[in-house]
Amino acid sequence: MIIKNSIISIDTVEELQIIDITERIKEITKKTAVKNGIINIQSLHTTASVFVNENEPLLLQDIKEHLEHCSPKNKAYNHNNFEIRTVNMCPDEKPNAHSHCRALHIPTSVCLNIIEGKLQLGLWQSILFIELAYPKKRNIQIQIIGE
């Protein structure tokens, strides 16, 4: 059995930025000796996610609008009340409860098959990363397991 690990770093520039990471994942897959196995692609953040969907500009806009509708930024969230919140605070904390709520709708990770050395994706499927909070450096952990 072969186990390979990597990390992809992404510097996001805006909230609700969707980045297609499919080609980067295919390249990582190709560099391993795994012919048949699985790849797990995991966001290492609570306000950034990875998902599989169609990379079509109008659909991506629809996804953003859906997330904004489900968890509007201007709602009064308990997590954003820094006068009462005492847990998991950072010195440069920004109100981001809307981002955490949006993350409920998108998986933290995706697991895909590798068959005969190739990442298995359907005709319109792409691996997408989405920034749900504020621009920052993000990390995605990749683990490939197989033979």
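Attention in this report is confined to the structure presented alongside it.

The rules behind these values
- Residues numbered from 1 in each chain as written.
- Predicted model: local features only at pLDDT ≥ 70, side-chain atom pairs only at ≥ 80, totals over all residues.
- Heavy atoms only, no water.
- Core = buried A, V, L, I, M, F, W, Y, C linked by side-chain atoms within 4.5 Å.
- Buried < 20%, exposed > 50% of the residue type's maximum accessible area, 1.4 Å probe, protein only.
- Helix = DSSP H or I, 4+ residues; strand = E, 2+ residues; numbered from the N terminus.
- Contact = heavy atoms within 4.5 Å.
- Phe/Tyr/Trp six-rings, centres within 6.5 Å; stacked < 30°, edge-to-face > 60°.
- Lys NZ or Arg CZ within 6 Å of the ring centre and 35° of its normal.
- Salt bridge = Lys/Arg side-chain N within 4 Å of Asp/Glu carboxyl O.
- Pairing = 2+ DSSP bridges.
- Axes fitted to C-alpha atoms, helices over the stretch in contact; angles between N-to-C directions.
- Arc of directions from axis to C-beta.

## Things to note about the nonpolar core
Here is step 1: In terms of nonpolar packing, the biggest core is built from 19 residues, with Ile21, Ile25, Ile39, Ile41, Ile127, Ile140 and Ile142 touching the most fellow members.
Here is step 2: Where this core is concerned, the elements lending two or more residues are strand E1 (2-11), helix H1 (22-31), strand E3 (37-43), strand E4 (48-54), strand E5 (109-115), strand E7 (125-131) and strand E8 (137-146).
Here is step 3: When sequence neighbours within four positions are dropped, the list of residues in contact with isoleucine 140 reads Ser6, Ile7, Ile8, Ile10, Ile21, Ile41, Gln42, Val50 and Phe129.
Here is step 4: One finds Phe51, Leu67, Ala103 and Leu132 within the second-largest nonpolar core, a separate group that totals 11 residues.

## Considering the environment of proline 72
Here is step 1: Within the fold, proline 72 resides in the loop between helix H2 (57-70) and helix H3 (97-103).
Here is step 2: Note: C-alpha distance between proline 72 and leucine 112 (40 residues apart in sequence) is 32 Å.
Here is step 3: Other than its neighbours up to four places away in sequence, proline 72 contacts Tyr77, His98 and Arg102.

## A word on the packing of aromatic side chains
Two aromatic rings, taken as a pair, are described by how far apart their centres are and by the angle between their planes.
Here is step 1: Tallied over the full model, the rule gives 0 aromatic pairs.
Here is step 2: Lying over the aromatic face of tyrosine 134, lysine 94 brings its terminal NZ or CZ to 4.9 Å of the ring centre.

## Some words on the pattern of salt bridges
Here is step 1: Going through the model one piece at a time under the given rule, you end up with 5 salt bridges.
Here is step 2: Arginine 85 serves as the salt-bridge partner of glutamate 93, at 3.1 Å between the closest nitrogen and oxygen. Like arginine 85, glutamate 93 is buried.
Here is step 3: Each member of the salt-bridge network shares a partner with another, and the members are Glu15, Lys73 and Arg102.

## Focus: the sheet that holds E4
Here is step 1: Here 3 strands make up an open sheet; going across it, the order is E2-E7-E4 and the pairing antiparallel. Every other strand in the sheet has two partners, leaving strand E2 (18-20) and E4 as the edge strands with one partner each. Here the average twist between neighbouring strands, direction ignored, is 35 degrees.
Here is step 2: Here E2 runs beside E7; their pairing, made up of 3 bridges, is antiparallel. Looking across to E7, one finds that aspartate 20 is bridged to leucine 128.

## Details of the environment of isoleucine 10
Here is step 1: Relative to the helices and strands, isoleucine 10 resides in strand E1.
Here is step 2: Considered as a pair, isoleucine 10 and asparagine 139 are 129 residues apart in the sequence and their alpha carbons are 6.3 Å apart.

## Things to note about the pairing of E7
Here is step 1: Buried residues dominate E7, accounting for 6 of its 7 residues.
Here is step 2: Pairing geometry for E4 and E7, over 7 bridges, is antiparallel. Bridge pairing in E7 places alanine 48 opposite glutamate 131.

## Observations regarding the sheet that holds E5
Backbone hydrogen bonds hold the strands of a sheet together, and the pairing may be parallel or antiparallel.
Here is step 1: With antiparallel pairing, 5 strands are arranged side by side in an open sheet as E1-E8-E3-E5-E6. Only two strands of the sheet have a single neighbouring strand rather than two, namely E1 and strand E6 (118-119).
Here is step 2: As judged from the 10 bridges shared by E1 and E8, these two strands associate in the antiparallel manner. Note on E8: the bridge partner recorded for serine 9 is asparagine 139.
Here is step 3: Seen against the sheet, H1 touches E1, E3, E5, E6 and E8 and runs at an angle of roughly 155 degrees to E1.

## Regarding H1
Here is step 1: Turning to H1, its buried residues number three or more, namely Thr22, Ile25, Ile28 and Thr29. Each buried residue of H1 lies within a common arc of 130 degrees when the element is viewed along its axis, so the set occupies one face. Away from the buried face of H1 by more than 90 degrees, exposed residues Glu23, Lys30 and Lys31 are located.

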